[in-house]
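Descriptive structure summary
This is what each chain is made of:
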Amino acid sequence: MTEQRYLLTARSIVKSFGPTSVLRGFDLSIAPGEVHAFLGGNGAGKSTLIKIISGQFDRDSGTLEFDGQEIGASVGAHVAAGTIAVVNQELALLPHLSVAENIAMPRLRRGTARYSERASMEIAIEALSLIDPQFAHESSGRLVGGLTLHERQLVEIARALGSGAKLLLLDEPTANLTAAETLRLFTVIRRLIADTGLAVLFVSHRMREIRQIADVCTIIRDGKTAVDRVALDAITDREIIECMGQSVVVDEAAASVAESAELEHAAQPSTQTSAVAAHGGALRIERDGVAIEVPAGAIIGLAGAPVGPSSLIDALTGIAPAGSWAITRDGTRVSYPHPSAGARDGVGFVSGDRSNKGVLATLPIVDNLVAAARVVKRRSVVKRDEVKQSSALLDALKIRAGSLWDLPATLSGGTQQKLLIARWLLLRPRLLVLEEPTRGVDIRTKREIYALIRKMAQQGTTIVWWSTEYIELVELCDTVLAFDLDGKPTEVLRHADVNETQLAAATGMAA
Ligand SMILES: Nc1ncnc2c1ncn2[C@@H]1O[C@H](COP(=O)(O)OP(=O)(O)O)[C@@H](O)[C@H]1O
Ligand SMILES: [Mg+2]
């Protein structure tokens, strides 16, 4: 019997960041031509391993074998040549440059060719054609800043792939994509594999998606390999969740967070914010003859294609004028000229665009936590009581952070999301508007976020929550407002009457 030849074998990989030991002897083998799902909880070390395989991080110990050769310092060379292509969780294109420039720059810099617009167009079209010839011609001249997230991802993949690409590492590529965009990405991946025979390592938290695209999975837990190359046909969702070390019991995680006395303490509003904490009466939202009454402390779900929910969210928060929406509180019209006016009136907002409109990437964690309070209190420095509150909040929310003064990039994506919600917890807003707060977040953190939302609602904050995962809306919302594909509100569904099938019918979209 001959041993299977692997394209990549990582053995006993160890990696710590200061006192945080992330990988503790982790093993992973990838076979040529396969789609390999790499699964694990938030902060388990998936992105760290991907950065080690792609030479962005040094490992403390362990070996990497690629294509039959031990690779040490030469990982970087494989990545530069595009034999190993990586698209990180945080996309890395320059928005003010064109697609062609973004793709061509690194190659022109490496080679001897001189930069010219024509040369960069040729390089970009050739690289993008591997992915989608039509898209190659349409997009090369456009600015990256004007592309959708899905299009940017395709550009990143094209940029990373060299002509002899053998391994593509995709770190949560679908986390911010719609269902339709995800399918398009999968079509691209399948075609790439058929054309080039490359192998793909793929990180995702969505079970259904993993089953659609992946052949085998490896699960990381406690820094080690909990499941090693198991065929997806041979493992159930429940087993996967259990192997990730995540409780299958919803209420367990919820209880631990919701009943946490520290959370209660950390969330005590300081005197300056009591004006914001004074919760007013019911909100009434109406458009096109569909009206919804929202009592304080209710959880309202928004379901449907982005156009509808986002028009309401914009109107509620002051991002854009109310347009056809009529929003009143106790009979008085509510409208804000800009989001900070909304914030000062007790309206919190967590954008679905976590990295561009949520996390302040260049400021420490503590600044991220007090960011909303600063707007409300018109204050520019972090006060000592805020530091104290912030660290109590981190403990209560089980946010594992090295220090309050670290940058948010040291936290996993799900943890960053908790940070964005925690930002509002300190202020007890009367209304908190959430855009897909659990997108791209692992199951345990999702449950913590649910618990947090429930807790805030119990304290009197009204929640308006847009989610594309209907099951979340069905389980957590008192009322769901459904929108059709043109963005018109169609139906108001009460908790007792709402189920996923009905939501799919009311919105014209499957979750
Ligand atoms: N550059 C870094 N500096 C310090 N700690 C880091 C850094 N990158 C990741 N970490 C820590 O390593 C752990 C694993 O993170 P990560 O690999 O991003 O997890 P995953 O991708 O599985 O969610 C987390 O606790 C995170 O805080
Ligand atoms: Mg990650």
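Right, let's walk through the structure included here. The shown structure was predicted, so the numbers you read here are calculated from the model rather than taken from an experiment. (Residues numbered from 1 in each chain as written. Chains lettered and ligands numbered in written order. Predicted model: local features only at pLDDT ≥ 70, side-chain atom pairs only at ≥ 80, totals over all residues. Heavy atoms only, no water.)

For the rest of this paragraph, the subject is the overall build of the protein. On a plain count of helices and strands, the protein comes out with 21 helices and 20 strands. Taking 2.2 N^0.38 as the reference for a compact globule, 511 residues should give roughly 24 Å; the C-alpha atoms of the protein span a radius of gyration of 24 Å, in line with that estimate. With the C-alpha coordinates of the protein rotated into their principal frame, the extents come out at 70 × 50 × 45 Å. Put simply, the protein has 511 residues, and 53% of those count as buried. The contacts of the protein with a sequence gap of at least 6 include a subset with a gap of at least 24, amounting to 69%. Working note: accessible area of the protein is about 21,800 Å², and carbon and sulfur atoms make up 51% of it. Within the protein, the 59 negative side-chain charges are centred at a point lying 5 Å from the centre of the 54 positive side-chain charges. (Helix = DSSP H or I, 4+ residues; strand = E, 2+ residues; numbered from the N terminus. Rg over C-alpha atoms; globule rule 2.2 N^0.38 Å. Buried < 20%, exposed > 50% of the residue type's maximum accessible area, 1.4 Å probe, protein only. Contact = heavy atoms within 4.5 Å. Areas by Shrake-Rupley, 256 points an atom, 1.4 Å probe, with all protein chains shown as cover. Lys, Arg positive; Asp, Glu negative; His and termini not counted. Charge placed at Lys NZ, Arg CZ, Asp CG, Glu CD.)

With that out of the way, let us pick up the site of ligand 1. Surrounding ligand 1, one finds 13 residues, the nearest of these being G43, K46, S47, T48 and T410. Contact between ligand 1 and T48: an oxygen atom at 2.6 Å from a side-chain N or O atom of the residue. In this structure, an oxygen atom belonging to ligand 1 sits 2.4 Å away from a main-chain N or O atom of T410. Considering ligand 1 on its own, with 560 Å² of exposed area, one finds that the protein chains cover 81% of that surface. For the shell around ligand 1, a count of residues per class yields four nonpolar, eight polar and one charged. (Near = heavy atom within 4 Å. Polar contact = N/O pair within 3.5 Å; in protein donor to acceptor, adjacent residues only side chain to side chain. Nonpolar A, V, L, I, M, F, W, Y, C, P; charged D, E, K, R; others polar.)

So, about the coordination of the magnesium ion (ligand 2). Donor atoms from the polypeptide that coordinate the magnesium ion (ligand 2) comprise S47 (OG) and Q89 (OE1), at 2.1 to 2.3 Å from the metal. You can see S47 sitting in helix α1 (residues 46–53) and its partner Q89 sitting in the loop between β6 (84–87) and α3 (99–110), a full 42 residues away along the chain. For Q89, a relative accessible area of 25% corresponds to the partly exposed category. (Donors = N, O, S within 2.8 Å, 3.2 Å for Na, K, Ca; no water.)

Judged by pairing direction, the sheet is antiparallel, and its four strands sit side by side in the order β12-β11-β14-β15 without closing on themselves. Each having just a single partner strand, β12 (290–294) and β15 (332–333) make up the two edges of the open sheet. Pairing of strand β11 (residues 283–287) with β12 involves five bridges; the strand directions are antiparallel. Among the inter-strand pairings, R287 is bridged to a residue of β12, identified as V290. Against the sheet, helix α13 (residues 307–317) engages β11 and β14 (326–329), with an angle of about 135 degrees to β11. (Pairing = 2+ DSSP bridges. Axes fitted to C-alpha atoms, helices over the stretch in contact; angles between N-to-C directions.)

Here the focus is a positive patch on the surface. Together, R221, K398, R400 and R444 make up a positively charged patch on the protein surface. Here K398 shows up in the loop between α17 (384–396) and α18 (413–425). (Patch = residues over 30% accessible without salt bridge, like charges linked within 9 Å, V, L, I, M, F, W, Y side chains within 5 Å. Salt bridge = Lys/Arg side-chain N within 4 Å of Asp/Glu carboxyl O.)

Judged from the five bridges that link them, strand β19 (residues 479–483) and strand β20 (residues 489–494) form a sheet pairing that is antiparallel. Counterpart to A482 in the pairing with β20 is E491. The antiparallel hairpin formed by β19 and β20 contains five residues in its connecting segment, where G487 sits at a positive phi of about 90 degrees.

Every buried residue belonging to helix α21 (residues 500–507) is among L503, A506 and T507, and all of these are buried. The buried residues of α21 occupy an angular sector of 85 degrees when the element is viewed end-on, so they sit on one face. Opposite its buried face, α21 presents the exposed residues T501 and A505, each directed more than 90 degrees away. Residues of α21 that are buried in the fold lie against β13 (299–303), α20 (470–476), β19 and β20. Two to three positions downstream of the cap, the backbone nitrogen of Q502 sits 2.8 Å from a side-chain oxygen, assigning the N-cap of α21 to N499. (Arc of directions from axis to C-beta.)

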